[in-house]
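The lines below spell out each chain.
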Amino acid sequence: RGGRWCSGFAGYEGRPPGTCMPLLRARNIPYEETAHPAVWSMEELHALCLPGEERILKNLFLRDDKSGGNLVAIDGGRTADLKALRRTLDSRPLRFADAADLERLLGLLPGQVTPLGALRALPAGTVVLDASLRGRTVGVHPLENTATTFLNLDDLAALLEDHGVPVIWCPL
């Protein structure tokens, strides 16, 4: 897969569920992981009726015609307003990244997008987090879509920033 790997993820490419857990443990970040069948959309995820599903984030990888991309994490029950987000980020018009962009820039497939993917590679890009979720426990994919990892969003933001990934908190 393309992109750079942060030092905490070196050697984890292609590993089974739990691949980012050693990094979380090394950082003493509390988490819980729930294994489940592969899901490719929020609808499929909700059909599983997982405990804590209301805390699972919807993750979008958005691009404009010039940037490396914005990985946006919002409440799973919300819809993203791309025009409002564009104004907030002061960016050019945003579009959903296609499968080729996901693979090339994050080493992920559609349905596997996660803020943790920014640790793999996000050249000239940013992770955008919903400010209303600050301090809350949220669920994200741990670099693949057959599990959900629940952790504090502030801990996740700090992990990303410590690895050089720009994080923006804004109302979404």
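All figures in this text were calculated on a predicted structure; none of them were measured in a lab.

Reading the values: the criteria
- Residues numbered from 1 in each chain as written.
- Predicted model: local features only at pLDDT ≥ 70, side-chain atom pairs only at ≥ 80, totals over all residues.
- Heavy atoms only, no water.
- Core = buried A, V, L, I, M, F, W, Y, C linked by side-chain atoms within 4.5 Å.
- Buried < 20%, exposed > 50% of the residue type's maximum accessible area, 1.4 Å probe, protein only.
- Helix = DSSP H or I, 4+ residues; strand = E, 2+ residues; numbered from the N terminus.
- Contact = heavy atoms within 4.5 Å.
- Salt bridge = Lys/Arg side-chain N within 4 Å of Asp/Glu carboxyl O.

1. Remarks on the nonpolar core
Core analysis: the biggest nonpolar cluster contains 33 residues, and Phe 61, Leu 116, Val 127, Leu 129, Leu 153 and Leu 160 have the highest contact counts within it. When contributions to this core are tallied by element, the ones reaching two or more residues are α1 (21–26), β2 (57–63), β3 (70–75), α4 (99–106), β5 (126–130), β6 (137–140), α5 (153–162) and β8 (167–170). The element contributing the most residues to this core is α5, with five residues. Every residue in contact with Leu 160, bar those within four places of it in the chain, is listed here: Pro 115, Ala 118, Leu 119, Val 127, Val 165 and Val 167. In this structure, Leu 62, Val 72, Leu 89 and Leu 94 belong to the second largest nonpolar core, which totals ten residues.

2. Section: the pattern of salt bridges
Close approach of charged atoms lets side chains of opposite charge pair. Summed over all chains, the structure comprises seven salt bridges. With a shortest N-O distance of 2.5 Å, Asp 65 and Arg 92 are connected by a salt bridge. In this pair, Asp 65 sits in the loop between β2 and β3 while Arg 92 sits in the loop between α3 (82–89) and β4 (95–96), placing the two residues 27 residues apart along the sequence. Owing to a relative accessible area of 56%, Asp 65 belongs among the exposed residues under this scheme.

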